[in-house]
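# Reading the structure
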Amino acid sequence: MTHSMRTDTRTPHLPGGATWRDSAARYALLPLRVFLGVTFVYAGLDKLTDSGFMQASGAGSIGDTMRSVRDSAAIPALVDLALKSPVGFGYAIAFGELAAGIGILLGFLGRLAALGGVLISLSLWLTVSWATTPYYYGNDLAYLMAWLPLVLAGTPLFSVDALLRARRRARAYQ
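This structure is a prediction, so every number in the text was calculated from the model and none was measured. (Residues numbered from 1 in each chain as written. Predicted model: local features only at pLDDT ≥ 70, side-chain atom pairs only at ≥ 80, totals over all residues. Heavy atoms only, no water.)

## What to know about the nonpolar core
For clarity, the threshold we go by: By nonpolar core we mean a set of buried residues, namely Ala, Val, Leu, Ile, Met, Phe, Trp, Tyr and Cys, connected to one another through side-chain atoms within 4.5 Å. Classification of residues uses two cut-offs on accessible area relative to the type maximum, computed with a 1.4 Å probe and protein chains only: under 20% is buried, over 50% is exposed, and between them is partly exposed. Secondary structure follows DSSP: runs of H or I at least 4 residues long count as helices, runs of E at least 2 residues long count as strands, and numbering of each begins at the N terminus. The criterion used for residue contact is that any of the two residues' heavy atoms lie within 4.5 Å.
Judged by nonpolar contacts, the single largest core of 16 residues is most densely connected at Leu36, Phe40, Ile104, Ala114, Ile120, Trp147 and Leu150. Elements with a minimum of two residues in this core: helix H2 (30-49), helix H5 (86-106), helix H6 (110-127) and helix H7 (140-153). Residues in contact with Ile104, not counting those within four places in the same chain, are Arg33, Leu36, Gly37, Gly110, Ala113, Ala114, Trp147, Leu150 and Thr155. If you look at the next biggest cluster of nonpolar residues, it comprises 9 residues, including Met54, Met66, Ala82 and Ala94.

## Considerations on the packing of H2 against H5
This is how it is decided: To obtain an axis, a line is fitted to C-alpha atoms, over the contacting stretch when the element is a helix, and the angle between two such axes runs from 0 to 180 degrees between their N-to-C directions. For classification purposes, an angle smaller than 35 degrees is called roughly parallel, one larger than 145 roughly antiparallel, one from 65 to 115 roughly perpendicular, and anything else oblique. Working rule for handedness: look at the near helix, and if it is turned counterclockwise from the far one by less than a right angle, call the crossing left-handed; if clockwise, right-handed. Gly falls in the polar group here, along with every residue not listed as nonpolar (Ala, Val, Leu, Ile, Met, Phe, Trp, Tyr, Cys, Pro) or charged (Asp, Glu, Lys, Arg).
Two numbers describe how H2 lies on H5: the axes approach to 7 Å, and their chain directions differ by 150 degrees. Judged by the angle between their axes, H2 and H5 are roughly antiparallel. Of the two possible hands of crossing, H2 and H5 adopt the one that is left-handed. Residue-level inspection shows Arg33, Val34, Leu36, Gly37, Val38, Phe40, Val41, Ala43, Gly44, Leu45, Lys47 and Leu48 of H2 in contact with H5, the latter providing Tyr91, Ile93, Ala94, Phe95, Glu97, Leu98, Ala100, Gly101, Ile102, Ile104, Leu105 and Leu106. Classifying every residue of the contact of H2 with H5 gives 18 nonpolar, 3 polar and 3 charged.

## A short note on the side chain of Ser121
With respect to the helices and strands, the residue Ser121 is situated in helix H6. Ignoring sequence-local partners within four residues, the contact set of Ser121 consists of Phe40, Asp140, Tyr143, Leu144 and Trp147.

## Some details on the pattern of salt bridges
Under the convention used in this document: By definition here, a salt bridge exists when the distance from a side-chain nitrogen of Lys or Arg to a carboxyl oxygen of Asp or Glu is within 4 Å.
Inspection of the entire model under this criterion finds 4 salt bridges. Of the charged contacts in the structure, one is a salt bridge between Lys47 and Glu97, with a shortest N-O distance of 3.1 Å. Remark: Glu97 occurs in helix H5 and Lys47 occurs in helix H2; sequence separation between them is 50 residues. The same class applies to Lys47 as to Glu97, namely buried. The partner of Asp64 in a salt bridge is Arg67, with the nearest N and O atoms 2.9 Å apart.

## As for the environment of Leu148
In this fold, Leu148 is placed in helix H7. The exposure class assigned to Leu148 is partly exposed, which follows from its relative accessible area of 32%. It is 7.7 Å that separates the C-alpha atoms of Leu148 and Leu115, two residues lying 33 residues apart in sequence.

## Considering the packing of aromatic side chains
Here is the rule we go by: To pair, rings of Phe, Tyr and Trp, with the six-membered ring standing in for Trp, must have centres within 6.5 Å; the planes then decide the type, stacked if under 30 degrees apart, edge-to-face if over 60, and tilted in the middle. Any Lys NZ or Arg CZ that is within 6 Å of a ring centre and within 35 degrees of that ring's normal is treated as a charge sitting over the ring.
Taken as a whole and judged by the stated rule, the model has 8 aromatic pairs. Measuring from centroid to centroid gives 5.8 Å for Phe40 and Tyr143, while their planes differ by 70 degrees, and the two rings are edge-to-face. You can see Phe40 sitting in helix H2 and its partner Tyr143 sitting in helix H7, a full 103 residues away along the chain. Relative accessible area serves as the criterion here: at 5%, Phe40 is assigned to the buried category. Of the aromatic side chains, those joined through ring pairs into one cluster are Phe35, Phe40, Tyr143 and Trp147. Of note, Lys47 hangs over the ring of Phe53, and the distance from its end group to the ring centre comes to 5.9 Å.

Next up, the structure:
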């Protein structure tokens, strides 16, 4: 008696015609969304509640931090711009982190929220952590790379964006 080997290696289909791989891929970005969302909300709140950080000068202030990295930044002109109003820059970063974090957690304007995260991470990488050696010790470049898949894919599951998309589709078929 011979045993036949299974030659059908296609991915099994789930209800609605989707495959397991399609479904798994849709869920793959959820841990990244949660991590980046929680981290950026925490970072924004931490800055806003740290009275020493939101100062033009002094130990731990945004002003002193920016002055200390000015000569080692990839684009010193960005640091000079921030130094025109260090407290304003600090608030812009903090509120930007909050907006990106909340947006990606809720999945509301997910791609725009992720783009905000990219821009914050890029600006911090080009200024504050540019001189970190070796480069992989700095975290801003890693955050920049982590945001990019969310810019590309958006927030297709468990999101306000998905809910709004479903409502638009339902209205179109009425």
